Amino acid sequence: MSTHSRTQFYCLLTVLLWLVCTPLHARLNIEIFGGGTERIPIAIVPFADENRLQQRVTDVVAADLQRSGLFRLIDPTGLSPYAPAEVVYSDWTNRGASALVIGRTILMPGGQVEIQFRLMDVAKQAQLTGLATVVPITQLRAAAHRIADIIYEALTGEVGVFSTRIAYVLKQGNKYALQIADSDGYNEHSIIEYTEPIISPTWSPDGSQIAYVSFENKKPVVYVQTIATRQRKAVANFAGSNSAPAWSPDGKTLAVVLSLHGGSQIYLINADGSGLRRLTRSSGIDTEPNFSPDGRHIIFTSDRGGSPQIYRIPVSATESTTAERLTFEGNYNVSPDFSHDGKSFAFIHRHQGRFTVAVQDIATRQVQILTNSQFDESPSFAPNGRMILHATEIGGRGILSAVSRDGQTRQHLSVQTGDIREPAWGPLLKQK
Amino acid sequence: MKTIAGILIIGLLSACASQTTQPDVEDRSTGADSGYGADGSALDSGGTGFHPLNDPNSILSQRSVFYDFDSYTVNHDYRPMVIAHAQYLRDNPNAQVILQGNTDERGSREYNLALGQRRADGVKNIMTLSGARESQIEAVSLGEEKPRAYGSNESAWSENRRTDILYRGE
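Residues numbered from 1 in each chain as written. Chains lettered and ligands numbered in written order. Predicted model: local features only at pLDDT ≥ 70, side-chain atom pairs only at ≥ 80, totals over all residues. Heavy atoms only, no water.

**Thoughts on the nonpolar core**
Heads up, the condition is: Buried residues of nine kinds, namely Ala, Val, Leu, Ile, Met, Phe, Trp, Tyr and Cys, make up a nonpolar core once their side-chain atoms join them within 4.5 Å. Throughout, exposure labels follow a simple rule: accessible area from a 1.4 Å probe, protein chains only, divided by the maximum for the residue type, with under 20% read as buried, over 50% as exposed, and the rest as partly exposed. To qualify as a helix, a DSSP run of H or I must reach at least 4 residues; to qualify as a strand, a run of E must reach at least 2; elements of each kind are numbered from the N terminus. Two residues form a contact once any of their heavy atoms are found within 4.5 Å.
Ile-42, Leu-65, Leu-119 and Ile-151 of chain A are the most contacted members of the largest nonpolar core, which has 32 residues in total. Of all elements in the fold, only strand S2 (40–44), helix H1 (57–68), strand S4 (99–108), strand S5 (112–121), strand S6 (126–136) and helix H3 (140–156) of chain A reach the threshold of two or more residues within this core. In terms of residues, this core owes the most to one element, H3 of chain A, which gives 10 residues. Setting aside anything within four residues of it in sequence, one finds Leu-119 of chain A in contact with Ile-42, Ala-99, Leu-100, Val-101, Ala-126, Gln-127, Leu-128, Thr-129, Ile-151, Ala-154 and Leu-155 of chain A. By size, the runner-up hydrophobic cluster in this structure holds 25 residues, among which are Leu-53, Phe-66, Ala-132 and Tyr-167 of chain B.

Rendered as structure tokens:
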């Protein structure tokens, strides 16, 4: 059935993809949207021979799907089909499963593993999608995230984000590290460490670079660092404070906040540090710029009206352009982050003394408060708009939390010792 | 191997941070102005045994302006002190100060960085209007990144909403 080919590439290699009778966005006979309270019941049978691997693939797949809040895991105990011919569909109907994941793993020479998986529609008694892939044994988690993305996409019609990465700042004692991890918090590693604060990391649209603010020179300076090479450059190091970098969707321009000409105002600068030009002109604080997905607007925080509120201005603004105020509820609305479709933005809203994550619809201006925390900060939309990653505090320690767009599901990421803060969800990367 | 543990919590969590009261708030007499000895040895000593900047009886020994939440207005309580420093700068052209704006930990780090800048800029404006030279003053912001007092309570927060006046060479 499958062609075995060895690869020396240290990357995922798709050997065979077989799709039977169904388009990619095939749905089961279940509607899960409209409140998100209904979850797709899915059974994931441990793959054949995966106990021999250092990482069970189905454990990662199951954790991903469960974390999304859109799936309910059905216990497969006692049943172990590995191929479609071995599936007795009535068993799964009786257990309430609508979808079934089966597969096998095959250890190959040279530290490689072949993974075959199939997603079965229990009601239709047919395969929805499947994949056979050969990966290095060190890449089992990445392969599992990819399988979870395929399942998620087939059953919800949305793009999965399990293969994406996140960045955040880890503070331990007086040390600060800018770290990158998989979306489930695994495979974390530092790309830079200092004894001075690091804030405001943000991913370039292609995921190859991160811009951030470092206080290593006793004042805030904006750097851009290439992840693979660790090379970096100070792209905004003007007199006074330099902070709050934001990438344009084409990756060519950064918005930054400078106190160069007094106050804190938003400027645009080419990603190589050239071509500085001023965007906002107010006597107040203008900060936290964030580009719209079409690159035409910037939303930002300003106290020009007397309290910090969120405003919108065209990137093509001239001196006479007036920024449009977007938020009106309450007297502290900060840290805006556009959703992937540009139709809404997440922000921090102070409500009854609490700093909570809220989302506002651009067109209707309707605000939904998603959390009930004390100290939420730095909301960052997942690239499919389904979850919002943010910093919060529990028991006096900084942790990361992800809340679903409807507020129904939450997940927490914490460290054993230390605080984590300033999260940024990385972009979707095109499959090679 | 993995230091990050992902914990699934289904349903809306009420993630209330515990409000611990911490008694170990730093004393205001220490901290930013601890760079010189109580005898003023870092600077010339006058006839009193104290340099005017360090004489505990002098208004110049006061070095911090404190603020209300989300405010950068220098309250009337602190204006005489700021003006006294401006007059000292006017009378001592070689003296230089760094004004460090700080904020409490609540809310956005970037907005707080800008707020700290506003606080330092506000003190600078009063000083230049009161006779100090622009070149004698550098206003910078540390935002909420360098708290003097730790703890999530009003005592710590009010301690951290602050502009410090630091003389170069101290």
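**So, the interface of chain B and chain A**
Worth spelling out the cut-off: The salt bridge criterion pairs a side-chain nitrogen of Lys or Arg with a carboxyl oxygen of Asp or Glu, the two atoms within 4 Å. Between N or O atoms, a polar contact is any pair within 3.5 Å; within protein, one atom must be a potential hydrogen donor and the other a potential acceptor, and residues adjacent in sequence are included only when both atoms are from side chains. The nonpolar class holds Ala, Val, Leu, Ile, Met, Phe, Trp, Tyr, Cys and Pro. Asp, Glu, Lys and Arg form the charged class, and all remaining residues, Gly among them, are polar.
Listed as interface residues are 43 residues of chain B and, on the opposing side, 57 residues of chain A. On inspection of chain B and its partner chain A, the count reaches three salt bridges. With a closest N to O distance of 3.4 Å, Arg-109 of chain B and Glu-377 of chain A form a salt bridge. Here chain B and chain A share nine residue pairs in polar contact (both at pLDDT 80 or more) between them. For the side of chain B that touches chain A, the secondary structure elements donating two or more residues are strand S1 (4–10), helix H2 (109–129) and strand S4 (137–143) of chain B. Tallying contributions element by element places H2 of chain B first for the side of chain B that touches chain A, with 10 residues. Counted by class, the side of chain B that touches chain A contains 20 nonpolar, 12 polar and 11 charged residues.

**Section: the side chain of Gln-265 of chain A**
All names here are of chain A. Along the chain, the position of Gln-265 falls in strand S16 (residues 265–270). Within the local environment of Gln-265, its side chain forms a polar contact with the backbone oxygen of Gly-284, the two atoms lying 3.1 Å apart. Within polar-contact distance, the side chain of Gln-265 engages the side chain of Asp-286 at 3.4 Å. Residues within four places of Gln-265 in sequence aside, it is in contact with Val-256, Val-257, Leu-258, Arg-278, Thr-280, Arg-281, Ser-282, Gly-284 and Asp-286.

**Re the packing of aromatic side chains**
Counted only if it meets this: Paired rings are identified among Phe, Tyr and Trp, the last through its six-membered ring, by centres lying within 6.5 Å, and are further divided according to the angle between planes into stacked (under 30 degrees), edge-to-face (over 60) and tilted (the rest). Placement of a positive charge over a ring is assigned whenever Lys NZ or Arg CZ falls within 6 Å of the ring centre and within 35 degrees of the normal to the ring plane.
If you walk through the whole model with that rule in mind, you get 12 aromatic pairs over all chains. Considering the side-chain rings of Phe-345 of chain A and Phe-347 of chain A, the 5.3 Å spacing of their centres and the 45° angle between planes classify their relative orientation as tilted. Accessibility assignment for this pair places Phe-345 of chain A and Phe-347 of chain A in one class, buried. Aromatic rings pair up to connect Tyr-332 and Phe-355 of chain A together with Phe-69 and Tyr-111 of chain B into one cluster. Its end group placed over the ring of Tyr-223 of chain A, Arg-232 of chain A keeps NZ or CZ at 3.9 Å from the ring centre. Lying across the ring of Trp-157 of chain B, Arg-106 of chain B places its NZ or CZ 3.9 Å from the centre.

**Quick notes on unusual backbone geometry**
All names here are of chain A. The residue Ser-200 is not glycine, and still its phi comes out positive at about 60°. Residue placement: Ser-200 occurs in strand S10 (residues 198–203). Ser-200 sits in the buried class, given a relative accessible area of 11%.

**Concerning the pattern of salt bridges**
It is possible for side chains bearing opposite charge to pair when their charged atoms get close. One pass over the structure, following the stated rule, counts 25 salt bridges over all chains. Of the charged contacts in the structure, one is a salt bridge between Arg-365 of chain A and Glu-324 of chain A, with a shortest N-O distance of 3.2 Å. Of this pair, Arg-365 of chain A sits in the loop between strand S24 (354–361) and strand S25 (367–369) while Glu-324 of chain A sits in strand S21 (residues 324–325), and the two are 41 residues apart along the sequence. Among the residues examined, Arg-365 of chain A registers a relative accessible area of 36% and is labelled partly exposed. You can call Glu-324 of chain A partly exposed: its relative accessible area is 32%. When the shortest N-O distance is used, the salt bridge between Glu-144 of chain B and Arg-109 of chain B registers 3.6 Å. Here Glu-144 of chain B is found in the loop between S4 and helix H3 (154–160), whereas its partner Arg-109 of chain B is found in helix H2, with 35 residues between them in sequence. Assigned by exposure class, Glu-144 of chain B and Arg-109 of chain B land together as buried.

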